[in-house]
Amino acid sequence: QVQLVESGGGLVQPGGSLRLSCAASGSIFSMYTAGWYRQHPGKQRDLVAYITTSGSTTFADSVKGRFAISRDNAKNTVYLQMNSLKPDDTAVYYCKLVSQVAAYWGQGTQVTVSS
């Protein structure tokens, strides 16, 4: 069983930055594709970015050029660096680990972009 704990959310002004972290325990982190999703109130959960076991990355069009995703397999942690934040980035952010046989979600962390 894999447990994921997100941290780093909070309140930030438009144009500001935040870095989210997602620490995993209970399995071999390096074997999983790691991703970040977000959910706006009343909306479905959408992909923000993911990073594969080989380090390849993919981003949603809405965050390209502003967000970066990285992973530290030695620390079992995936990061989401968010820059030039906009009010539309306000959402609950979730991390997810995926392998061929399983998927695990974190509990979510709130990000609020407001002046």
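Residues numbered from 1 in each chain as written. Predicted model: local features only at pLDDT ≥ 70, side-chain atom pairs only at ≥ 80, totals over all residues. Heavy atoms only, no water.

Draft legend 1. Seen up close, the environment of Asp46. Inspection of the secondary structure puts Asp46 in strand S5 (residues 45-51). On the basis of relative accessibility, which here comes to 30%, the residue Asp46 falls in the partly exposed class. Those residues in contact with Asp46 that sit more than four places away from it in its chain are Tyr37 and Arg38. At 3.1 Å, the side chain of Asp46 and the side chain of Gln44 are in polar contact. (Helix = DSSP H or I, 4+ residues; strand = E, 2+ residues; numbered from the N terminus. Buried < 20%, exposed > 50% of the residue type's maximum accessible area, 1.4 Å probe, protein only. Contact = heavy atoms within 4.5 Å. Polar contact = N/O pair within 3.5 Å; in protein donor to acceptor, adjacent residues only side chain to side chain.)

Draft legend 2. Layout of the packing of aromatic side chains. A full pass over the atoms with the stated rule returns three aromatic pairs. Ring geometry for Tyr32 versus Tyr104: centroids 6.1 Å apart, planes at 70°, classification edge-to-face. Linking Tyr32 in the loop between strand S3 (18-25) and strand S4 (33-39) with Tyr104 in strand S10 (residues 103-105), this pair joins segments that are 72 residues apart in sequence. Judged by relative accessible area, which is 16%, Tyr104 ranks as buried. Aromatic pair Tyr94 and Trp105: ring centres 6.4 Å apart, planes at 90°, arrangement edge-to-face. You can see Tyr94 sitting in strand S9 (residues 91-98) and its partner Trp105 sitting in strand S10, a full eleven residues away along the chain. (Phe/Tyr/Trp six-rings, centres within 6.5 Å; stacked < 30°, edge-to-face > 60°.)

Draft legend 3. Expanded view of the state of the cysteines. Taken as a whole and judged by the stated rule, the model has one disulfide. Between the sulfur of Cys22 and that of Cys95 lies a disulfide, 2.0 Å long from S to S. Disulfide Cys22-Cys95: torsion about the S-S bond near 45°, hence right-handed. Taken together, the positions of Cys22 in strand S3 and Cys95 in strand S9 put the pair 73 residues apart, joining distant regions of the chain. Judged by its relative accessible area of 1%, Cys22 falls in the buried class. (Disulfide = S-S within 2.5 Å.)

Draft legend 4. Seen up close, the pattern of salt bridges. On inspection of all chains with the given rule, the structure shows three salt bridges. Asp89 is the partner of Arg38 in a salt bridge, and the nearest nitrogen-oxygen pair spans 2.9 Å. Remark: Asp89 occurs in the loop between strand S8 (77-82) and S9 and Arg38 occurs in strand S4; sequence separation between them is 51 residues. A relative accessible area of 8% places Arg38 in the buried class. Owing to a relative accessible area of 1%, Asp89 belongs among the buried residues under this scheme. Note that Arg66 is salt-bridged to Asp89, the shortest N-O span being 2.7 Å. Of this pair, Arg66 sits in the loop between strand S6 (57-59) and strand S7 (67-72) while Asp89 sits in the loop between S8 and S9; the two residues are 23 residues apart in sequence, bridging distant segments of the chain. Taken as a pair, Arg66 and Asp89 share a single burial class, namely buried. Because the salt bridges share partners, they merge into one network encompassing Arg38, Arg66 and Asp89. (Salt bridge = Lys/Arg side-chain N within 4 Å of Asp/Glu carboxyl O.)

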